[in-house]
Protein chains: 2
Amino acid sequence: MKKLVNRPEDFVREMLEGMEKAHGDLIGVNYEPRYIYRKEMPQGKVAVISGGGSGHEPMHGGFVGIGMLDAACPGEVFTSPTPDQMYEAGKKVHAGGGVLFIVKNYSGDVMNFEMATEMLNMEGIPTINVLVDDDVAVKDSLYTQGRRGTGTTVLMEKIVGAAAEWGKYDLKRLADLARKVNVNGRSMGMALTPCTVPTAGKPTFELGEDEMEIGIGIHGEPGRYREPLATADEITERLALAIIEDGPYTRTVKEWDLDAGGWKEFELTDPPFQPGDHVIAMVNSMGGTPVSELYVVYRKLHEICEKKGLTIVRNLIGAYITSLEMQGVMITLLKVDDEILEMWDKPVKTPALRWGM
Amino acid sequence: MKKLVNRPEDFVREMLEGMEKAHGDLIGVNYEPRYIYRKEMPQGKVAVISGGGSGHEPMHGGFVGIGMLDAACPGEVFTSPTPDQMYEAGKKVHAGGGVLFIVKNYSGDVMNFEMATEMLNMEGIPTINVLVDDDVAVKDSLYTQGRRGTGTTVLMEKIVGAAAEWGKYDLKRLADLARKVNVNGRSMGMALTPCTVPTAGKPTFELGEDEMEIGIGIHGEPGRYREPLATADEITERLALAIIEDGPYTRTVKEWDLDAGGWKEFELTDPPFQPGDHVIAMVNSMGGTPVSELYVVYRKLHEICEKKGLTIVRNLIGAYITSLEMQGVMITLLKVDDEILEMWDKPVKTPALRWGM
């Protein structure tokens, strides 16, 4: 196993210790149960919290700081964190404004965040759980009912984090914005190589020397299809067209209803992209792909978007939501309006994303 | 070859096209000869320019912008750019303050930057070439007389770029600062896997499944030794102690002398680290290593520095100077004083490094 690790079972803890030592001015780490928290929390601000299995760094811990997340709950690699992590993180950073949970759509995460949502609300801390389910590749995959939550999570954490910090949104308005980001964001990824979970010691799946997987999940879950290696332009086209030409997507989501003091279920529909739309484009490394290759992809993505009448008004190119050392790329497009764009442009200061301050 | 490429011979050009489309507000690209340049150059400011073979992204092109580089000259992958690239880039961004070339110590780069230095000075554009030769691993390796230029380059470009932008240093004072950064910075890297140059189509070297190379060069040049895979802590110790315990290093450098209007050669000595020193620490991915593993390394590096009496006052953790998709890590320590630290903290806005604006 070619990795910089000590004992595989210590990997997540040691990573957290490194983050704490490196960014102790901005974040703290609680080890029992595990969560990363922002050190100075403005009074009255809604606390924005996410979490999920480790192995997707810098997401989520690298996004804790000013203008993005207030806490992140890391599970073991590719394993959901437990409800007590989210519950304790919520109690720690709640500053009078309540808690917004950003939840990627994987069965374990969804269940555990729901439990923590209920626990916090019972405790008198108003908490809403919003879902990210943006991966157009497959529906009902390994670990998931419905679409998986992937790249849009990064953009949502930035935009919603800014609205909580700089826009001083209250909890309900913040949940509305988060939902708007989710329905307007779509992603799809692909893998050139698999990755190895440290404690497993061998690759999560096998890919032939001349094969790639289109529509890969961020835990190495199967995608849409496997095919012979193609050029960067062909790969970009496969991903971009799947995203841009995706039809309306309707599902039922379950969120905590603050007024009713209980759960509500409702339908949510993603509107398809339309010519004339303005978008934020993310070209994301799956972890092991160098930035030079991402720019080759971006070049083609830009051309495809132009042809389809989409204008890329902002972009984010790098490794933001990853699968350990997996080589490959994920594309995310998010349709923006003035509100989303204003929040995107606000300052942010976190270990992994920083501008304007 | 598992890469996101089209025709391998188009790789560098297509990467540049992607960068131009993504960051056109900040940078422009000239294709014949090739250089990336900053769009708006303040009058009177010294132009800070670097360059070298491609494949080390985001260095150097990703550091062109405000408060860092004003131009970067990319060669083909792992191949020096030609003197006409540096010469034309110099003429393009010269704004009355002259040109500072930051040159990594590889024979081709050194020769070609010297030629461009001479050409620009002959043309009446005052130009000084400063060297980076900070890699403690080996002396006189493949492509190099003396030590190789590696991680300190990133820190120098940030610090010297800030001094040119915000400190309004003149050319001679800027060269003095650059030299000070070089003698106080030391690096060493290691590889878990090799990398593949797109036009070659096969790995630059072979490494067994249970082997690693300590002291690797950024083009895959041989390091100090090859040995069985060790733990992250052991690897960190190998690199950190080689850096911290390195003795004084003296070599002769050749720089353009503005007053004499010709070349001068002089001796330069790197002072060893001393207990009590304050340092900037960079833990850098060789390209394919995920940030989670870098934090495991940083954790141990922090501990070693403490034991050795060095205080890490700033850090940079991520992929900044890379070898395509190579897995592995490089550590750089730079002893700082008030001047260096002040410039480190100044705002920067480039595709790959951004804070404070």
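Now for a quick tour of the structure. (Residues numbered from 1 in each chain as written. Chains lettered and ligands numbered in written order. Predicted model: local features only at pLDDT ≥ 70, side-chain atom pairs only at ≥ 80, totals over all residues. Heavy atoms only, no water.)

### Brief notes about the nonpolar core
The condition that has to hold: Residues belong to one nonpolar core when they are buried, are Ala, Val, Leu, Ile, Met, Phe, Trp, Tyr or Cys, and are joined through side-chain atoms within 4.5 Å. Accessible area is worked out with a 1.4 Å probe on protein chains only. A residue is then buried under 20% of its type maximum, exposed over 50%, and partly exposed in between. Helix and strand labels come from DSSP, where a helix needs a run of H or I of at least four residues and a strand needs a run of E of at least two; each type is numbered from the N terminus. Two residues form a contact once any of their heavy atoms are found within 4.5 Å.
Met190(A), Leu301(A), Leu333(A), Leu100(B), Ile159(B), Leu174(B) and Leu316(B) are the most contacted members of the largest nonpolar core, which has 104 residues in total. When residues in this core are grouped by element, the largest group, nine residues, is from helix H7 (residues 291-307) of chain A. Each residue touching Leu100(B), except ones within four places of it in the same chain, is listed here: Val46(B), Ala47(B), Val48(B), Ile49(B), Ile128(B), Val130(B), Val160(B), Leu171(B), Leu174(B), Ala175(B) and Ala178(B).

### Some details on the packing of helix H2 (residues 83-93) of chain B against helix H3 (residues 107-122) of chain B
Residues and elements named next belong to chain B. The condition is simple: Inter-axis angles, ranging from 0 to 180 degrees, are taken between N-to-C directions of lines fitted to C-alpha atoms, where helices are fitted over the stretch in contact. When an angle is under 35 degrees it counts as roughly parallel; over 145 it counts as roughly antiparallel; between 65 and 115 it counts as roughly perpendicular; any other value is oblique. Less than a right angle of anticlockwise turn of the near helix away from the far helix marks a crossing as left-handed, whereas a clockwise turn marks it as right-handed.
Relative to each other, H2 and H3 sit at 40 degrees, their axes nearing to 8 Å. One way to sum up the angle between H2 and H3 is to call them oblique. Seen along the crossing, H2 lies across H3 with a hand that is right-handed. Touching Pro 83, Met 86, Tyr 87, Gly 90 and Lys 91 of H2 are Asn 112, Phe 113, Met 115, Ala 116, Met 119 and Leu 120, all from H3.

### Concerning the relation of the copies chain B and chain A
Note the following rule: Superposition of the copies was done by least squares, using only C-alpha atoms of residues whose pLDDT is at least 70 in both.
Superposition of chain B onto chain A requires a rotation of 180 degrees combined with a translation of 0.0 Å along the rotation axis, giving an RMSD of 0.0 Å. The symmetry that links the two subunits is that of a two-fold axis. Residues of chain B ranked by C-alpha distance from the rotation axis are headed by Gly288(B), positioned 2.0 Å from it. Of all interface residues in chain B, 100% are interface residues in chain A too; the two copies therefore contact each other through one and the same surface.

### Let's talk about unusual backbone geometry
Backbone torsion omega between Glu32(B) and Pro33(B) reads -5 degrees, so that peptide bond is classified as cis. Relative to the helices and strands, Pro33(B) resides in the loop between strand S1 (27-31) and strand S2 (34-38). With an omega dihedral of -5 degrees, the bond running from Met59(B) to His60(B) counts as a cis peptide bond. Relative to the helices and strands, His60(B) is located in the loop between strand S3 (47-54) and strand S4 (71-77). Of note, the phi angle at Phe78(A) is positive, near 60 degrees, even though the residue is not glycine. Here Phe78(A) shows up in the loop between strand S4 (71-77) and helix H2 (83-93). Overall, the relative accessible area of 17% leaves Phe78(A) in the buried class.

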